[in-house]
Structure formats: C-alpha cells, structure tokens
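Commentary on secondary and tertiary structure
For reference, the chains in residue letters:
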Amino acid sequence: MRKRPLTAAALAVLALSGGLVACDDPRVDALHAKCTTKDLKWKVTVLKKKARATHREGRLSAVNTGGKCVFGGYPAFRVYLGKGPFANGVGQGRTRPVGLASGGSVVIDFRYRDPAGARPARDDCFTNGHAVAAAPRDTGNDAMAPIQDEKGRETGMDVCGDVIRMAPPRAAG
C-alpha cells in the first residue's frame, strides 16, 4: 500500500522538474542523435617525439559538419600501409558521451610504438601509412583522416606493432 503514494510523488517531482519530456520533442531527438562518420571531418596530428621516449604520441580529431549530435564511445581508427599491414586503435579507459554542436570538435589522444632509430628496422614496423576513422558504432563507413605534423604539414607515421592505444574522447577546447 505504501508504494503507490511514493511512486505517485516521485512521478510528480519528475514531471515538475522537467524530467519527463515528450518523445516526439525535436530537442530530445537532436540531443540523442549519434554522430555519424559522414558528418565528421577527421584529422590525425603526429606530435613531436619527446627525448628518450619509447612511444610516440598523436591526436585524432574530428569536427562536426552536420547538426547537433552525441559522440559516444571510441571511434574506429586504423593506420594502413597501402592495402597491407595496419595498426588498430584500441580504447583505454571508460568513455563519456561528448555532445557536439555544429562546428564543435572532439579529440582523442593516442600513443603508439615507433622505431628507436631514424628508419624502421624491425619486421613489425611500417612507414608512411594512411589513416581512416569512423564514428563510434558506425562501422563500414570509414573516412580518410589526413596525417599531419604539429605545424599542419603532411607527414606519415612510423608505426611498430599493430596496436595504437587511445585515451577517452574529450571535447576540444
């Protein structure tokens, strides 16, 4: 008997606080729309190598060219050498949804192993690859992601191994 008044009181509080919104409200649809690969413009930035570092760091970023959307999860990210070997991006840690307005951007920092010398000498290394990325849960729709250095000049990546470790996505800014 006691559950019914508490349930009614909880529903009343939710309704008065704006917690219940009609499902056909366009603001709700825009707020919950998932970002799609076709509405994102991707870019890979290779950061300058730190002295005595065994890994190289970089940044995958995407600018939303469509309407308001939510970037929820890790993107699909691969760096290829032609049609041959590739390194896969693997998420490290828990993600939170990032709301993106039109023109807003999301950034994913990443680390990968590169050759110790000036040229790749190991069998599991490749150089001058190209990168592709896709929005979370938008498989099969990869888009090219140009690779550049910190100054915006086109460059390649010297990648050893087949794993690129990605930090959780965050809003740029």
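Residues numbered from 1 in each chain as written. Predicted model: local features only at pLDDT ≥ 70, side-chain atom pairs only at ≥ 80, totals over all residues. Heavy atoms only, no water.

Under an unreviewed UniProt entry, the name given to the protein is DUF4232 domain-containing protein, and the organism recorded is Streptomyces chrestomyceticus JCM 4735.

Both strand 5 (residues 86–91) and strand 12 (residues 159–166) contribute to a ladder of 4 bridges, which runs parallel. In the sheet register, V90 faces strand 12, and the bridge partner there is R165. With 2 bridges connecting them, strand 8 (residues 125–126) and strand 12 associate as antiparallel partners. Each bridged residue has a counterpart across the sheet, and for F126 the counterpart in strand 12 is V159. (Pairing = 2+ DSSP bridges. Helix = DSSP H or I, 4+ residues; strand = E, 2+ residues; numbered from the N terminus.)

Here we take up the confidence of the model for the protein. Of all residues in the protein, 77% have pLDDT values of 70 or greater, and the mean over the chain is 81. Contacts of residues 13–30 to residues separated by more than four positions or lying in other chains number 8 contacts, the stretch itself having pLDDT below 50. (pLDDT = per-residue confidence, 0-100. Contact = heavy atoms within 4.5 Å.)

Relative to the helices and strands, T45 resides in strand 1 (residues 40–46). Classification of T45 by relative accessible area gives buried; the value is 12%. Leaving out residues up to four positions away in the same chain, T45 has contacts with G58, R59, Q148, D149 and E150. (Buried < 20%, exposed > 50% of the residue type's maximum accessible area, 1.4 Å probe, protein only.)

What follows is about the state of the cysteines. Throughout the structure, instances matching the rule amount to 1 disulfide. Two residues share a disulfide in this structure: C35 and C69, whose sulfurs sit 2.0 Å from each other. When the S-S torsion is 85°, as for the bridge of C35 with C69, the disulfide is right-handed. Note that C35 is positioned in the loop between helix 2 (26–32) and strand 1 and C69 in strand 3 (residues 69–71), a separation of 34 residues in sequence. In this structure C35 comes out as buried when scored by relative accessible area, which is 4%. (Disulfide = S-S within 2.5 Å.)

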